Amino acid sequence: MYAPDDLRAMVRPDRVHRKLYVDPDIFDLEMDRIYGRSWVFVCHESQVAKPNDFITTRIGRQPLLVTRDRGGELHVLFNRCGHRGVKLCADAEGNRAGFRCPYHGWAYRIDGRLAGIPYRDGYSEDFLKDPDLDLARPARVDSYRGFVFASLSADVPPLDEHLGGIKRSIDDLCDRAPDGEILAQAGCNRYIVRANWKMQMDNGVDLYHAPFAHHSTLDEDGRQFSRHGGGPSFYKPGTRIPVDFDPMGVHGFPNGHGYQGAVPQVPNPDGLAFQELKAMLIAKHGEERTTEILTYDRFNSMIYPNLTFQAMGQHFRVVMPLDVDRTEVRIYPVLMKGAPDDWNRDAVRSVAATHSPASMIQTDDVAVFERAQEGLQASGADWVMFARHMGAEIPNNVGGHGAPGSSEFVLRNQYNDVWLPLMCQ
Amino acid sequence: MTTTATLAPQTIPDIREVEQFLYREAELLDLKQWEDWADLFTADGTYWIPTAEDQADPYTRASIMFDDRQMMANRIRRLRHPEIHAQTPASRTTHLVTNVMVEPRPDPDGCIAVRCGFLMLEYRAESQFTYGGRFRYQLVATAEGLRIRSKTVHMVNCDAAHHLMAIWF
């Protein structure tokens, strides 16, 4: 087992030890100390929009059941019968009034309260009053603009404080919807990466990799095939020289969250649906605020430890660790509530091309993560380097630090200031 | 389902002709003759893999693939690129098509409706993957032979978490 000093020896200002990615003992500790001790994204409220809606998901390895009761209240519950611990609900989603355990028939209301035990005369009255019989809940649950987070530990700051400067990325996404809300009601794509969960998170705001990992998707002019709303050219105009992503900037916050700045050379899309969306936003907010909303100044955002999202790509992505070398990722197309149908239809379609398990962009990332997992088995070289633009970060005006776009400082910050303290707590 | 213009109702061909067409399609994919494979689709032809069993369309719910001819061309261009990491090393596949059934009458769009079972065995990067399910086709007869108006792939595990995929079923 790792003592705090062992862990400290594996995280240096510009590098981390390969064991962070390949050692099952580290993974077990992370499930307890990262996923067990901080706010973790659970789902979007629209996934359980109607009374009696439910979904099942996980925090780390722990099974969760998220429900909405008939009064409209949302419940985050452990998906585990109070009797012998059987996973209560086996479906991914649905709508029903309650749940019955398949083993001995214990029944629960949609809000997690015990509804009935068969042959109850075999139990004492005291036992039947034990609150431990109801479905257990994570210590803390809170949400921000529909994004639901939970913490297994009560000892965490308020969610609002935890999110801090990254809240504006969520605002950015939601404000693009004429009704000011997004909906995650277009299903999701799920893929398996045979690599450690941190690979996907390390990639969350990585601008350095794009021209190389995604070379195969570039057209003559350096643009990726028709992405939703156009896309940046990866080449300097008229050349095959990769564009300099540094002016985009990358920003990081004290709790490990981060975002990429505006993509250069990307005009707003110009289709009919966009014009219609823009008119709706102007009617609601006026010209000036609409221009502000539609300015893509945060391309890709990441909320540590398990959520990334794109305002332009219109999706959010949930990273779900399974094992030290196996990770599930779920990609949810984002619907803009109140937007023209064609706008949302185009966004859903676009995710199939960019981020499905058979997409053209994400599969190159997955292949690279899997090769990194193999490469990191090499004990002759122990370090994973994050030294790019070391020391170039300066305070930004939103409570964090900014750095040149290809800087790896968000990762340096994550491992030194978030991962290590949580693991040593 | 994808929107297709209604055609003059097609004459239903002999099942052997349909089978031979499907086997040829499978062979083109195994031989990586993707350009020829894409040419089996009509100009408005589509290829769709939904993520749910009863999915209505590729616009209101996530799909694993939804390709028109332009997207097929994009994919082929990428598959031919020397730096496609998802195909380094390249996959080897065998596509099997079986249980072929041809509807005796044209479907509401006037197309020849065909359904069949499929299995694809794929070997890539020291791993073997098995995919299976059902295909639903809308075919049309042209002067050049049968062509695909739409192909929908109902994977038995459409809603699963999948390993990366780069090749059409």
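Just so we're clear, the structure is a prediction, and the values are computed from it rather than from any experiment.

Parameters at a glance
- Residues numbered from 1 in each chain as written.
- Chains lettered and ligands numbered in written order.
- Predicted model: local features only at pLDDT ≥ 70, side-chain atom pairs only at ≥ 80, totals over all residues.
- Helix = DSSP H or I, 4+ residues; strand = E, 2+ residues; numbered from the N terminus.
- Rg over C-alpha atoms; globule rule 2.2 N^0.38 Å.
- Buried ≥ 20, exposed ≤ 12 C-beta atoms within 10 Å, placed from the backbone.
- Contact = placed C-beta atoms within 7 Å.
- Pairing = 2+ DSSP bridges.
- Axes fitted to C-alpha atoms, helices over the stretch in contact; angles between N-to-C directions.
- Nonpolar A, V, L, I, M, F, W, Y, C, P; charged D, E, K, R; others polar.
- Core = buried A, V, L, I, M, F, W, Y, C linked by C-beta atoms within 7 Å.
- Expected span 1.5 Å × (residues − 1).
- pLDDT = per-residue confidence, 0-100.
- Parallel < 35°, antiparallel > 145°, perpendicular 65-115°, else oblique.
- Left-handed = near helix turned anticlockwise from the far one by under 90°.

## Overview of the overall build of chain A
For chain A, the count of helices and strands is 13 helices and 24 strands. Here the C-alpha radius of gyration of chain A, 23 Å, is about what a compact globule of 425 residues would show, namely 22 Å. C-alpha atoms of chain A, sized along the principal axes, occupy 80 × 60 × 40 Å. Out of the 425 residues belonging to chain A, those deemed buried represent 47%. In chain A, the share of contacts with a sequence separation of at least 24, taken over all contacts with a separation of at least 6, comes to 60%.

## Re the sheet that holds strand β11 (residues 140-144) of chain A
Residues and elements named next belong to chain A. Strand order across the open sheet formed by three strands is β3-β12-β11, with antiparallel pairing between neighbours. Two strands lie at the open edges of the sheet, namely β3 (40-44) and β11, each paired on one side alone. Mean inter-strand twist for the sheet, computed between neighbouring axes without regard to direction, equals 30°. Pairing analysis gives five bridges linking β11 to strand β12 (residues 147-151), with the strands arranged antiparallel. When the sheet's bridge partners are listed, serine 143 is paired in β12 with valine 148.

## Side note on the interface of chain B and chain A
Each partner contributes to the interface: chain B provides 29 residues, whereas chain A provides 29 residues. Those elements that place two or more of their residues in the side of chain B that touches chain A are β2 (63-67) and α3 (69-79) of chain B. Broken down by class, the residue content of the side of chain B that touches chain A amounts to 16 nonpolar, nine polar and four charged.

## Regarding the nonpolar core
Counting 147 residues, the largest nonpolar core has Val42(A), Val66(A) and Ile182(A) as the members making the most contacts within it. Non-local contacts of Ile182(A), meaning those with residues more than four positions away in its chain, are made with Gly146(A), Leu173(A), Cys174(A), Ala177(A), Val334(A), Leu335(A), Met336(A) and Lys337(A).

## A look at helix α11 (residues 341-354) of chain A
The α-helix winds at 3.6 residues per turn, so residues separated by three or four positions along the chain end up facing the same way. All names here are of chain A. In a regular helix each residue adds 1.5 Å, so 14 residues correspond to 20 Å; α11 covers 20 Å between its end C-alpha atoms and thus fits that length. Buried residues dominate α11, accounting for ten of its 14 residues. Within α11 the residues assigned to the buried category are Trp343, Asn344, Ala347, Val348, Arg349, Ser350, Val351, Ala352, Ala353 and Thr354.

## So, the sheet that holds strand β4 (residues 112-124) of chain B
Residues and elements named next belong to chain B. Sheet architecture is open: six strands sit in the order β2-β1-β6-β5-β4-β3, paired in mixed fashion. Single-partner strands in this sheet number two, and they are β2 and β3 (92-102). Sheet twist, expressed as the mean angle between neighbouring strand axes with direction ignored, is 20°. In the packing of helix α1 (residues 15-30) onto the sheet, contacts are made with β3, β4 and β6 (145-155), and the angle to β3 comes to roughly 165°. Packed on one face of the sheet, α3 meets β1 (41-50) and β2 and runs near 75° to β1.

## Thoughts on the pairing of β3(A)
Residues and elements named next belong to chain A. Counting buried positions along β3 yields five of five residues, so the element is predominantly enclosed. Bridge count between β3 and β12: four bridges; the pairing is antiparallel. The residue of β12 that forms the bridge with cysteine 43 is valine 148.

## Things to note about the confidence of the model for chain B
Summarising the model, chain B shows a mean pLDDT of 96, and 98% of its residues fall at 70 or more. With a pTM of 0.95, the predicted complex shows an ipTM of 0.95.

## A few points about the packing of helix α9 (residues 272-285) of chain A against α11(A)
Residues and elements named next belong to chain A. Orientation of α9 relative to α11, taken along the N-to-C sense of each, is 125°, at an axis distance of 8 Å. If you check the angle between α9 and α11, you find them oblique. In the crossing of α9 with α11, the sense of the turn from one axis to the other is left-handed. Residue-level contacts link Ala273, Phe274 and Leu277 of α9 to Asp342, Trp343 and Asp346 of α11. Looking at the contact of α9 with α11 residue by residue, the classes come out as four nonpolar, no polar and two charged.

## Let's talk about the packing of α9(A) against helix α10 (residues 287-294) of chain A
Residues and elements named next belong to chain A. Running from N to C, α9 and α10 cross one another at 130°; their axes reach a closest spacing of 7 Å. Taken together, the axes of α9 and α10 are oblique relative to one another. The two elements α9 and α10 meet at a crossing, and its hand is right-handed. Taking contact as the criterion, the partners of Lys278, Leu281, Ile282 and His285 in α9 are, on α10, Glu287, Arg289, Thr290, Ile293 and Leu294. Along the lines of polarity and charge, the residues of the contact of α9 with α10 split into four nonpolar, two polar and three charged.

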